[in-house]
Amino acid sequence: MSSTTAHITANAIANAAAPSSHPPMQAGWIEAPHGKLSLGSFVLESGAAIDDFSMSWAVHGDMQDESLPVAVALCAIGSVHHRLDFLIGPDRALDPRHFRIIAIDAIGNGLASSPSNSERQAGMLFPRFTIRDMVRSQKLLLDALGVREVEVVAGASMGGMQALQWGVEYPAVVRKIVALTPMAKTAPWAAAINEAARQSLLGRLSASNAGVQGTHPPDIWDGWVPIMQLLAMRTPSQLAGEFRDGPACLAWIRQRTAWWREQRFDPVDWIYQSWAYDAHDVGATPGFDGDTARALASIRARTLIAAPQLDLYNPAECASAAAKHIPQCELHQIESDWGHLMASSADEQAARALNEIIGRFLQS
């Protein structure tokens, strides 16, 4: 790392306090130094640009210890840099004693540049971005931090989709990929789920308050929560095991909706990330002419893909289909009733299994 880059890094993470828009800390989240770096105007693949672009991230481990390889942890839709905290820590898959871990916030999550925090392009004035734009912004950040090689890029859900895009976009940079519940190309089912949730938000937004924090109607999340945090994330068998009857489930939805409001995630940010989600296809990367299989076949990194037997958001067959085309890929089906939430701390048994499987993969 050059002295200039070391100075940037030290300044960027000097303040360990979370950004003001950081959601309240949750059980299982890890306190870590945060960084924020302004990178000027960021030109998107559409040709539009995000003004005053900035990136946000957290670090685990000693960033000055260049003997340790770098691991990059990515966000899912509607999440922040804590998304993979269940894999981070001593004796877990991403052990800060063995890696310098950079958990990067994705465009549109309220911490990196987003509709909700942009001064010049607030709300629906913000330009639409793609998952490739997220990955390219992450590469730009790593360049600014002096990171030229990445031992592993890991992510779940939209993070897993970004991880596969990393392998296609930067095959010479990343050595290993861990993609949990991913899609290489967004399935029609997932896009339909997003549209239902998106319409539940758009129907409650008005042009006067879209993207302005604190001005949304109190019922803004009432339709979104049961769609995205229950129907898309879990399975019927998991619900049957948790709730004694329908009224108990409906009571949970009301409680969960109140909790989600407390997290302060902005609905317009989620809408923008969902548009990026819907449009994703690694085959649309320049040079592949829309050929998803050929793009996946170009991945040089050793890859691990994991998915449950049933996923009602990102269909599990999308994960297995992607694995077939990646030259050095191992596919794991994780036993779990939690569906899409298999790749999280929600299912403690699955979280333990993933830490063991990913840990072996990274050590091999």
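Everything here concerns the structure above.
Turning our eyes to something else, we now look at the nonpolar core. Ranked by size, the top nonpolar core spans 82 residues in total, and within it I102, W224, M228 and W270 carry the most contacts. No other element matches helix 8 (residues 267-278), which puts seven residues into this core. Sequence-distant contacts of W270, defined by excluding residues within four places in its chain, comprise I77, G78, N194, A197, R198, L201, W224, M228 and F265. Counting residues in hydrophobic clusters, the runner-up holds 28 residues, among them A71, L87, I101 and I357.

This part covers the sheet that holds strand 7 (residues 302-308). Sheet architecture is open: eight strands sit in the order 1-2-4-3-5-6-7-8, paired in mixed fashion. Single-partner strands in this sheet number two, and they are strand 1 (34-43) and strand 8 (329-334). Averaged over all pairs of adjacent strands, the angle between their axes in this sheet comes to 20°, without regard to strand direction. As paired elements, strand 7 and strand 8 share six bridges and run parallel to each other. What sits directly across from A306, in strand 8, is H332. The strands that helix 2 (residues 131-144) touches are strand 1, strand 2 (49-60), strand 3 (70-74), strand 4 (100-104) and strand 5 (150-156); relative to strand 1, the one it contacts most, it runs at about 120°. Sheet contacts for helix 11 (residues 348-363): strand 5, strand 6 (174-180), strand 7 and strand 8; angle to strand 6, the most-contacted strand, approximately 165°.

This part is about the packing of helix 4 (residues 188-202) against helix 8. Packing of helix 4 against helix 8 leaves a shortest axis separation of 10 Å and a crossing angle of 155°. Taken together, helix 4 and helix 8 sit at an angle that is classed as roughly antiparallel. Our pair here, helix 4 against helix 8, has a crossing hand that is left-handed. Counting all contacts with helix 4, which are made through A190, A191, N194, A197, R198, L201 and L202, the residues of helix 8 involved are P267, W270, I271, S274, W275, Y277 and D278. Within the contact of helix 4 with helix 8, the residues separate by chemical class into 10 nonpolar, two polar and two charged.

Conventions adopted
- Residues numbered from 1 in each chain as written.
- Predicted model: local features only at pLDDT ≥ 70, side-chain atom pairs only at ≥ 80, totals over all residues.
- Heavy atoms only, no water.
- Core = buried A, V, L, I, M, F, W, Y, C linked by side-chain atoms within 4.5 Å.
- Buried < 20%, exposed > 50% of the residue type's maximum accessible area, 1.4 Å probe, protein only.
- Helix = DSSP H or I, 4+ residues; strand = E, 2+ residues; numbered from the N terminus.
- Contact = heavy atoms within 4.5 Å.
- Pairing = 2+ DSSP bridges.
- Axes fitted to C-alpha atoms, helices over the stretch in contact; angles between N-to-C directions.
- Parallel < 35°, antiparallel > 145°, perpendicular 65-115°, else oblique.
- Left-handed = near helix turned anticlockwise from the far one by under 90°.
- Nonpolar A, V, L, I, M, F, W, Y, C, P; charged D, E, K, R; others polar.

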